[in-house]
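# Descriptive analysis of the structure
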Amino acid sequence: MSSPAVSDFRRTATAALLERVVSSTPVIDIHTHLYDPQMGGLLLWGIDDLLVYHYLAAEAFRHLDVPPEAFFALPKSEQADRIWHELFVAHSPVSEACRGVLTTLHRFGLDPHMRDLPAIRSWFAQWPIEAHVSRTLELANVERIYMTNSPFDPVERPFWQTGFLRDERFVAALRIDPLLVDWPNAALQLVSWGYEVGEGLSARTLSEVRRFLADWTEKLDARYLMVSLPPDFRFPAHTDTAQLLEHAVLPHCREHGLPFALMLGVRRGVNARLQLAGDGVGHSDLCSLVNLCDAFPDNKFAVTVLARENQHELCVIARKFRNLHVFGCWWFTNTPQLIEEITRMRLELLGLSFTPQHSDARVLEQIIYKFDHARRILVRVLADKYADLAVTGWEPTEAEIRRDVRSLLGGGFEQFCQH
Ligand code: FIX
Ligand code: ZN
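Nothing here was measured: the structure is a model prediction, and the numbers come from that model.

### A closer look at the coordination of the zinc ion (ligand 2)
For the zinc ion (ligand 2), the full set of protein donor atoms is H31 (NE2), H33 (NE2) and D360 (OD), at a range of 2.0 to 2.2 Å. Within one chain, the residues serving as donors to the zinc ion (ligand 2) are arranged as H-x1-H-x326-D. Separated by 329 residues along the polypeptide, H31 in the loop between β1 (27-29) and α2 (47-52) and D360 in the loop between α16 (336-350) and α17 (366-390) bring together distant segments of the chain. Judged by its relative accessible area of 1%, H31 is buried.

### Examining empty space enclosed by the protein
Evaluated as defined, the whole model comprises 1 cavity of 30 Å³ or more. Lining the largest cavity, in full, are V27, I339, T343, P356, Q357, F371, A374, R375, I377, L378, L408 and L409. Contributing elements (two or more residues each) for the lining of the largest cavity: α16, α17 and α18 (398-418). Here the lining of the largest cavity gets 5 residues from one element, more than from any other, and that element is α17. Across the lining of the largest cavity, the residue classes break down as 9 nonpolar, 2 polar and 1 charged.

### Things to note about the layout of surface pockets
The volume enclosed by the largest pocket comes to roughly 1,100 Å³. As for the largest pocket, its lining consists of 39 residues, of which H33, H54, R268, L276 and R362 are closest to the centre. The set of elements that each furnish at least two residues to the lining of the largest pocket consists of α2, α3 (54-60), α10 (177-181) and β5 (225-229). Tallied by class, residues from the lining of the largest pocket come to 21 nonpolar, 9 polar and 9 charged. If you add up the space inside the second largest pocket, you get close to 450 Å³. If you go around the second largest pocket, you meet 19 residues; those closest to its centre are R322, N323, L324, H325 and F416. Breaking the lining of the second largest pocket down by element, the ones donating at least two residues are β10 (324-326) and α18.

### Overview of the site of ligand 1
Taken together, H31, H33, H54, Y55, R175, S228, M263, R268, W330, W331, D360 and R362 form the complete shell of residues around ligand 1. At 3.1 Å from an oxygen atom of ligand 1 is found a side-chain nitrogen or oxygen belonging to H33. At 3.0 Å from an oxygen atom of ligand 1 is found a side-chain nitrogen or oxygen belonging to S228. Protein chains shield 98% of the accessible area of ligand 1, which is 330 Å² for the free molecule. More than half of the atoms of ligand 1 fall within 2 Å of the grid points belonging to the largest pocket. Residue composition of the shell around ligand 1, grouped by class: 4 nonpolar, 4 polar and 4 charged.

### Notes on the packing of α17 against α18
Running from amino to carboxyl end, α17 crosses α18 at an angle of 135°, the nearest separation of the two axes being 13 Å. In terms of axis orientation, α17 runs oblique to α18. Here the hand of the crossing between α17 and α18 comes out right-handed. Between α17 and α18, the residues in contact are L378, L382 and Y386 and I401, D404, V405, L408 and L409, respectively.

Quick notes on the rules
- Residues numbered from 1 in each chain as written.
- Chains lettered and ligands numbered in written order.
- Predicted model: local features only at pLDDT ≥ 70, side-chain atom pairs only at ≥ 80, totals over all residues.
- Heavy atoms only, no water.
- Donors = N, O, S within 2.8 Å, 3.2 Å for Na, K, Ca; no water.
- Helix = DSSP H or I, 4+ residues; strand = E, 2+ residues; numbered from the N terminus.
- Buried < 20%, exposed > 50% of the residue type's maximum accessible area, 1.4 Å probe, protein only.
- 1 Å grid on protein atoms, 1.4 Å probe; cavity = no way out; pocket = protein on both sides within 12 Å on 5 of 7 lines; lining within 4 Å.
- Points joined across faces, edges and corners; volume = space filled by probe spheres on them.
- Nonpolar A, V, L, I, M, F, W, Y, C, P; charged D, E, K, R; others polar.
- Near = heavy atom within 4 Å.
- Polar contact = N/O pair within 3.5 Å; in protein donor to acceptor, adjacent residues only side chain to side chain.
- Areas by Shrake-Rupley, 256 points an atom, 1.4 Å probe, with all protein chains shown as cover.
- Sits in = over half its atoms within 2 Å of the grid points.
- Axes fitted to C-alpha atoms, helices over the stretch in contact; angles between N-to-C directions.
- Parallel < 35°, antiparallel > 145°, perpendicular 65-115°, else oblique.
- Left-handed = near helix turned anticlockwise from the far one by under 90°.
- Contact = heavy atoms within 4.5 Å.

Below, the structure written as C-alpha cells:
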C-alpha cells in the first residue's frame, strides 16, 4: 500500500490530467434546439435571446409584477431588459440559469461585473453570424450539434422542402411529438400533405405514416427519431400513442437502423400562461420503458428522464437492456447538485456506457456554459472514481483516460447509434 502522501500526489496528478483531457476532448452535443446557420432566424443567438431563455423567464416571473400576456407582448429587447433587471440587478444571479449567462459572457472575455446591458448588446451586434457560430463552437469545444427538426413546424418545414447547403457540424434528429401526442390533428396535417391517412389506425394509415417518416428521415438525413412524453405515457396500451409507436415508429426505426429517443416526464402547460416557461415535471412509469426494451430488442432506445425520482430506476433498467442508452441531465435536473449526483450514480451502476450530458441549448452561446459547468463536474466525479481504483493499484494510463472521456462526451452515443 502506498503512503498517504504518495497517493495524494497521484490523485492530484490524475485530477490535473483529467482536467486537461476533459477540457480538450471535443463534445458531440446529442440533443439541442439549435439550427444549422443556413436556417436563418431559426438559430437564436445573442444576449437578448440568452436573457429571455425560458429557464430565466420562469425565474423572473417569480418577481415580475406584470401579467404574462403583457410581458410576452413586449418586444424581445424589452423582455430581456426586464429579466436582466429582476435577475441580475435587483437580486444576485445565483441560480444555475443566471450563472450560465455570466459564464458565457466571461468566456467571451466580457466583464459581466460592469452590469452594462447596452454595452453587452453592442458587443454581440458586431459579429457576423458565421464567424460567431465557429467561435462559439470552438470556445465550447463542441464538434457536432444534433438539432431537433420537426416537419410539423411551419417555419422550419420550408427549409427542408426547398433544401439548402448543410453545415456538416449540424446534424438532424427527426422530432415527431405531434404525431404521437396529438394524432387527430397530425392526421389532418398528413392528409393536407398528400398522405392517405384516416383518423383510425388502419393498416393503410399506418403504412402511410411510415411513408411520411421515411420521406422525412431521408430529407433530413436524420440520425435518430425523438419524442418527449408526459408522465401518463403507458406501453403497451390501446392509445394512439402506443399503437403508432408499435406499428409505425418502431418498425420504421428498425428498417432504417435508427435509435428512438424518448424524453420522459414532461407535463406541458402546467401554467400555460408562461408559455415555454410553464412546463413542469412528473414521475414517469418506467415499467412502460421496460416493456418497450424487452418487446423490441431490435430497436435502440436513447432515454432521459426529467424527474429526479426516476433516475435510479432508469439506471437499473439500463443494466438489463443493452438496447437502452441513458443520456443527459435534462432541464430541471441540469443543476450542479443533480448533475453530480446523477453522474456519480450512473458511473457506479453503468460504468462508462452512458452519455452524461447534452446541452438542450435553445440559444447558440448556451453550449459554452452548459459544457463548461458539466465538464467541471465530470472532472470531479471521474477523479474520485479513478482514485478509488488507485487504492487497489489500478492506475489508468493517459490513453485510457482519453478513451473513456471521448466515449462519455458523445463518442459512446454515436457508437450506440451505429451498432
Ligand atoms: O422536449 C424537449 O426537447 C425539451 O427539452 C423542451 O421542450 C424544453 O422546452 C427545453 O428546452 C428543456 O431544456
Ligand atoms: Zn429538448
